[in-house]
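# A closer look at the structure
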Amino acid sequence: MDINRFDYSLDSSLIAQKPSDRRDESKLLVVNRSTKTVSHHTFKDIPDILPKDSLLFRNNAKVFNARLNVKRINGGKAECFLLRQGKEGFNYWWCLLNPGKKLKPGSRFFLKDVCSADVLERTDSGEFLVKFSPTKDEGLSILDIAEEHGSIPLPPYIEAEKTAERNAADTERYQTVYANPEKRLAAAAPTAGLHFTNWLMADMRKEGFQFLDLTLNVGLGTFKPIKCDNIEDHPIHTESYSIEKSVFNNILEHNGKKRVAVGTTSVRAMEHAFREYQKNPELDTSNLNANIYLYPPTTIQSIDSLITNFHLPKSTLLCLVSAFLTPGSEDGIDWLKEIYTEAMKNEYRFYSYGDAMLIL
């Protein structure tokens, strides 16, 4: 399937550079698949749109301060981006390093006076295995050090000025209000959940809605563009996830209640677990890795509705949403581009800090 089918043009003025003043006052475009219609709302209207007994599955992963400003051994500036923990130990991490050409295996860099780091390996894809050594407390985790000395990893299309005030604001807003502090391994936010407020969820619970948590540690691969001519040739990324048994049972046996996925990251975990369960009914969903690649004409079976943001062209997320729009068909590709055109005409804001879409 030609990657150009998933391309579209977007005026840069529609790329959200900061979140809406209030989370639940972002715009909400509602797509009804049965009637093939769209309508325009505000996100806080969502309780009036979804069935009152809907089950909302949300990703409670917490984004940590994965971006570190470091110095090379000669004093030159560099950047280290923490991706995921290595199997060698809790202070071994796979990272992105910039400039990578000057931080080859065998080199060393420093994070202020609190930590040194040795570069051990480099993969063909440009990831580096790094061993971090705290200088004051050997038992200290690089995660704790990063929380104090790092910054929130905003996507590159958010061209924010790097000030202490902006970093503090992003630390709060580039995070869902229900992020679990014990699940701080995400390198990027599950952005569809950014629109929920505690007040909105409290009101929804009173009306019969149920929120169910799962954890998928969002990696940078989620936002990696497809660079192959044919989408099938794209090497899909892998992300670790966990779903408690009681939550997974609600995916399988939902008793006619609508299963609403809050974001594509939730879909990824739910659909992977659902398909693995079909192969093995004894499946333990508490510690799995999702390497699932969803694109038309596949049928996504684990959800009934999807809350999502507006995604980058030529991305795996655009493929996923296209597949959900028209199960078993490629028609969703062109339809999604028509929906995006409608959103642009109505000045919806795109990408991570942008507005939302609900597909019924």
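Presented here is an overview of the structure given in this document. Source: prediction; values computed, not measured.

Conventions used here
Once a new chain begins, its residue numbering starts again from 1 and follows that chain's sequence as written. In keeping with the model being predicted, local features are shown solely for residues with a pLDDT of at least 70 and side-chain atom pairs are shown and tallied solely at 80 or more, while totals for entire chains, interfaces and linings include all residues. Each side-chain value is worked out from all heavy atoms of the structure, with water and hydrogens disregarded. To sort residues, take the accessible area from a 1.4 Å probe on protein chains only and compare it with the maximum for the residue type: under 20% means buried, over 50% means exposed, and anything in between is partly exposed. Numbering of helices and strands runs from the N terminus, with a helix taken as a DSSP run of H or I at least four residues long and a strand as a DSSP run of E at least two residues long. A pair of strands is treated as paired once DSSP finds two or more bridges between them. Only Phe, Tyr and Trp rings are paired, with Trp represented by its six-membered ring, and only when their centres lie within 6.5 Å; those with planes under 30 degrees apart are stacked, over 60 edge-to-face, the remainder tilted. Geometrically, a charge over a ring is one whose NZ (Lys) or CZ (Arg) sits within 6 Å of the ring centre while staying within 35 degrees of the ring normal. Remark: nonpolar core denotes a set of buried residues (Ala, Val, Leu, Ile, Met, Phe, Trp, Tyr, Cys) joined through side-chain atoms within 4.5 Å. Residue contacts are defined here by distance: any two heavy atoms, one from each residue, within 4.5 Å place the two residues in contact.

### So, the pairing of strand β14 (residues 305-309)
Most of β14 sits out of view: five of its five residues are buried. Neither face of β14 is left uncovered, since the one carrying Ser-305, Ile-307 and Asn-309 and the one carrying Leu-306 and Thr-308 both have all their residues buried. Taken together, the three bridges between strand β12 (residues 259-262) and β14 define a ladder with parallel strand orientation. For Ala-261, the partnering residue across the bridge sits in β14 and is Leu-306. Across four bridges, the pairing between β14 and strand β15 (residues 356-359) is antiparallel. Bridge pairing links Leu-306 to Ile-359 in β15.

### Some details on the packing of aromatic side chains
Under the defined criterion, the tally for this structure stands at 15 aromatic pairs. Pairwise contacts between aromatic rings join Tyr-8, Tyr-157, Phe-310, Tyr-340, Tyr-348, Phe-350 and Tyr-351 into one cluster. Taking the ring centre of Tyr-348 as reference, the NZ or CZ of Lys-27 above it sits at 5.2 Å. One cation-aromatic arrangement involves Arg-58 over Tyr-178; the distance from NZ or CZ to the ring centre is 4.3 Å.

### Digging into the nonpolar core
In terms of nonpolar packing, the biggest core is built from 68 residues, with Ile-243, Leu-306, Tyr-340, Phe-350 and Met-357 touching the most fellow members. Looking at this core element by element, the count peaks at seven residues for helix α8 (residues 331-345). Among residues more than four places away in sequence, those in contact with Phe-350 are Tyr-8, Leu-10, Leu-14, Ile-15, Ala-16, Phe-310, Tyr-340, Ala-343 and Met-344. The next biggest cluster of nonpolar side chains, apart from the first, holds 27 residues, and it includes Leu-82, Leu-97, Leu-103 and Cys-115.

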